[in-house]
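Descriptive analysis of the structure
Read off the chains here:
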Amino acid sequence: MDAVRVALLREVLAGTEWPAATRRFAGALRSSVAAHGGGLLLVGTEEYEPWHLAAHLVDEAAWSGTPELSPTLVRHAARPDDPAHLAVGLGRLAAARRGETLLVVTPDAVGAPLLEHVHDARRAGATVLALDAGTVANTDLRSMAHDALTVPGDTDLDLDTVQHLVSAAAGENAVPLPRGRRRFRDRLSRLADQLTAPPPARW
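Computed from a predicted model, the values in this text were never measured in an experiment. (Residues numbered from 1 in each chain as written. Predicted model: local features only at pLDDT ≥ 70, side-chain atom pairs only at ≥ 80, totals over all residues. Heavy atoms only, no water.)

1. Quick word on the sheet that holds strand β5 (residues 147-150)
- Strand order in the open sheet formed by 5 strands is β2-β1-β3-β4-β5, and the pairing between neighbours is parallel. Strand pairing shows two members of the sheet lacking a second neighbour, β2 (71-74) and β5, which therefore form its edges. Within the sheet, the average angular offset between the axes of one strand and its neighbour, ignoring direction, is 20 degrees.
- As judged from the 4 bridges shared by strand β4 (residues 127-132) and β5, these two strands associate in the parallel manner. Residue pairing across strands places Asp 132 opposite Thr 150, the latter belonging to β5.
- Where helix α3 (residues 51-64) meets the sheet, it contacts β1 (40-43), β2 and β3 (101-106), and its direction lies at approximately 170 degrees from that of β2.
- Along the sheet face, helix α7 (residues 159-170) touches β3, β4 and β5 and points at about 135 degrees away from the line of β4. (Pairing = 2+ DSSP bridges. Helix = DSSP H or I, 4+ residues; strand = E, 2+ residues; numbered from the N terminus. Axes fitted to C-alpha atoms, helices over the stretch in contact; angles between N-to-C directions. Contact = heavy atoms within 4.5 Å.)

Below, the structure written as structure tokens:
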């Protein structure tokens, strides 16, 4: 989803909680990776790998000049002969340390083995963030996270759409700009840069 579509989606959602909620969560993500500089680990479940979010974060990292946003996708079934960016297995979570950020994204219930890895990462000092679809079974995951964003089942939005909003907001300038004409010009300039810049290497 490009910048224009994200802007249109935000207009459609104006008056709801979602523009502010996704910007708040994206701000927590960006602040964590920028402040600690230890890298971003991204993991889903065995059935759901957030590779699409990983690709969008790589784009936003390049466009915003924030390399810390570029994640390492941790996979449950990674194989040694996979391309390097897809070959990182769950063992990477065991090596998580202070200064790193772990983002867990899932539409499903997180199983006990992954919860154990997340708990160990948090205990080792990593910052844990959770983005999930409101499954009751994920109460433990959300309570373990330093920050969480939940997409309830009774909303018209789905988890994939919220991921687009979060990744776009994560790449936005975190420094508040002055109100009025200058702020509009800055936003317009950034949008033009995004639309005309060559895309980073795709996944």
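2. Quick look at the side chain of Thr 127
- Turning to its location among the elements, Thr 127 is positioned in strand β4.
- The buried category is assigned to Thr 127, whose relative accessible area is 14%.
- Among all residues touching Thr 127, those that are not within four sequence positions of it are Ser 32, His 36, Glu 100, Thr 101, Leu 102 and His 146. (Buried < 20%, exposed > 50% of the residue type's maximum accessible area, 1.4 Å probe, protein only.)

3. Side note on the environment of Leu 141
- Assignment of secondary structure puts Leu 141 in helix α6 (residues 139-144).
- Overall, Leu 141 belongs to the buried group, its relative accessible area being 0%.
- Distance from Leu 141 to Val 118, taken between C-alpha atoms, is 8.2 Å for residues 23 residues apart in sequence.
- Setting aside chain neighbours within four positions, we find Leu 141 in contact with Val 104, Thr 106, Val 110, Leu 115, Val 118 and Ala 130.

4. Brief notes about the pairing of β2
- Pairing of β1 with β2, which is carried by 4 bridges, proceeds in the parallel orientation. Residue pairing for β2: Leu 41 is matched across the bridge by Thr 72.
- Once the chain exits β1 it traverses α3 before rejoining the sheet at β2, and the crossover so formed is right-handed. (Right-handed = clockwise from strand over helix to strand, strands pointing away.)

5. So, the pairing of β4
- Taking burial as the measure, the 6 residues of β4 include 6 buried ones, the bulk of the element.
- Along β4, one buried face is formed by Thr 127, Leu 129 and Leu 131 and the opposite face, lined by Val 128, Ala 130 and Asp 132, is buried too.
- Relative to β4, β3 runs parallel, the two sharing 6 bridges. Bridge assignment links Thr 106 to a residue of β4, and that residue is Asp 132.

6. Digging into the packing of helix α1 (residues 3-13) against α7
- It is at 11 Å that the axes of α1 and α7 come closest, and there the two elements cross at 115 degrees. When the axis of α1 is compared with that of α7, the two are roughly perpendicular. Here α1 runs over α7; the crossing is left-handed. Residues Val 6, Leu 9, Arg 10 and Leu 13 of α1 pack against Thr 161, His 164, Leu 165, Ala 168 and Ala 169 of α7.
- The residue makeup of the contact of α1 with α7, split by class, is 6 nonpolar, 2 polar and 1 charged. (Parallel < 35°, antiparallel > 145°, perpendicular 65-115°, else oblique. Left-handed = near helix turned anticlockwise from the far one by under 90°. Nonpolar A, V, L, I, M, F, W, Y, C, P; charged D, E, K, R; others polar.)

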